Structures are given as structure tokens and as C-alpha cells.
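Now for the letters of each chain:
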Amino acid sequence: MSAEPRINDRIRVPEVRLVGPSGEQVGIVPLAKALELAQEYDLDLVEVAANARPPVCKLMDYGKFKYESAMKAREARKNQAHTVIKEMKLRPKIDPHDYDTKKGHVVRFLKQGDKVKITIMFRGREQSRPELGYRLLQRLAEDVQDLGFVESNPKQDGRNMIMVLGPHKKKTEAMAEARQAQEARKADAKANPGKSQNAAEADHAEADVAEAEAPAEAPAEA
């Protein structure tokens, strides 16, 4: 059955409870009278509560109503928060510089409200030293504890050890903050057009928003 409401001459009842174009209650009137009023206002008579007794009908511009409803649904989908799981791969004997770089990526992902799957890859004799991977995962979890928490404890999976970090901040909050930062930087760049640094920061903020609003994707090594 169609989800479209019945309108105008498709309504087949003797009387309706009529609601005016501004939401005012007109009361129970014969269907013929309701259709006559719809013509006078140059509007449609739309059945909005078919199961009521008598059915509730409203005077409205149905075409405009459908268009506005479609726009609201589109905006809601645009602002929908998608769950994204990022992946970061490390070696158990990672050097300090590489660790700081990888940690920086994890921090960025958590700030954006994304989960992060941390994978420690063991090779050769490293497989006999799982404690190295466990200590590294614990260290990383402690270093980012202000931004995220251990959602899935470290566990061995063949040659890998895996841990999942969840963000303290919800995805919707991260998206809202990213937009605010972008707008603030754009306003500052507009007020100070001679400062190229501001323009660069605005571009960076736009990239953050785009990544924060990206749809769910397969994990990939950063």
C-alpha cells in the first residue's frame, strides 16, 4: 500500500475533523464543506490522521509540504554520524619517532570521534615475545586515555595482537566542533585577508570536517 496520504477528492468519508492552514482547529465539518474551503484558500485537503474518528484533515499546500519534508530528510542524512573504525599498525620494537607519529594519528582519530583498531605485527622471533606487544598497547592506551578508552582488550590473533580504542567524544559532538572550528577560522581569515596562515588553517579545518563526516570505510593502515 502507498504511504502517501489521501488528498482532496480521494478522501472518501462523510465528514472530517478539519485543521486550518495555520494549525487552528476548525472542528468537525462535512467533507463537501472542507473541500469548498480548500478551494477558497487555493490549498489541498490532506488526510493527516486516517484512523481517527472522524479522520483528521488539514488545509495545506501539499506540493510544498512534500518538498520541505524531502529537504529535511536530506539534511538529516547529511548530518548523520557514521561509525568509522580506523586502523593503526605498529611493530613491537618501534622506534620513538615512529611511535610518536603513529600516536599522533590515533589522537587525531579519537578527536574526530572514531574508533581505532591498533594492530601489533609480530615477525619471526618476535612471535615468542608477545609481552612486547602487550606493553606497547598498554603504553599507547595510557598516552591517549584523555581522549579514548580500551573498548576491546589486547588479544592475540595469529601473528598479530589487536586492541580497539573507543573515543570518549561522540561522533556527532566531534563533527559539530569541527564545523565550529572551520567557521571560526574562515571568519578570521575573512577579517584578516593578509594572513596566509589563517587561510591555511581554514583549509586544514575543512579537511578535518570532510574526514569527520566521511562514511564508514574499511580499516586501512595510516
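Rules and cut-offs
Residues numbered from 1 in each chain as written. Predicted model: local features only at pLDDT ≥ 70, side-chain atom pairs only at ≥ 80, totals over all residues. Heavy atoms only, no water. Pairing = 2+ DSSP bridges. Helix = DSSP H or I, 4+ residues; strand = E, 2+ residues; numbered from the N terminus. Axes fitted to C-alpha atoms, helices over the stretch in contact; angles between N-to-C directions. Parallel < 35°, antiparallel > 145°, perpendicular 65-115°, else oblique. Left-handed = near helix turned anticlockwise from the far one by under 90°. Contact = heavy atoms within 4.5 Å. Buried < 20%, exposed > 50% of the residue type's maximum accessible area, 1.4 Å probe, protein only. Arc of directions from axis to C-beta.

Colleague: Describe the sheet that holds strand 6 (residues 115-121), with residues and values.
Modeller: Taken in spatial order, the 4 strands make up an open sheet running 5-6-8-7, and their pairing is mixed. Of all strands in the sheet, those with a lone pairing partner are strand 5 (85-90) and strand 7 (148-157), marking the two edges. For this sheet, the mean angle separating the axes of adjacent strands, direction not counted, is 20°. The sheet contact formed by strand 6 and strand 8 (residues 160-167) spans 6 bridges and is antiparallel. Paired with threonine 119 across the strands is isoleucine 162, a residue of strand 8.

Colleague: Please give an account of the packing of helix 3 (residues 96-111) against helix 4 (residues 130-143) that cites residues and values.
Modeller: The relative placement of two packed helices is expressed as an angle between their axes plus a distance between the axes. In the contact formed by helix 3 and helix 4, the axes pass within 11 Å of each other and the chain directions differ by 50°. For the element pair helix 3 / helix 4, the angle class is oblique. Crossing handedness for the pair helix 3 and helix 4: right-handed. Facing Tyr99, Lys103 and Val106 of helix 3, the residues of helix 4 in contact are Leu136, Arg139, Leu140 and Asp143.

Colleague: Go over helix 1 (residues 31-41) with me, naming the residues and quoting the values.
Modeller: Those residues of helix 1 that fall on the buried side of the exposure criterion are Leu31, Ala34, Leu37 and Ala38. The buried residues of helix 1 all sit within an arc of 120° when viewed along its axis, so they share a single face. Along helix 1, exposed side chains directed more than 90 degrees from the buried face belong to Ala32, Gln39 and Glu40. Turning to helix 1, the residues buried within the fold contact strand 1 (15-19), strand 2 (25-30), strand 3 (44-49) and strand 4 (56-60). With its phi angle positive at about 60°, aspartate 42 sits one or two positions after the end of helix 1.

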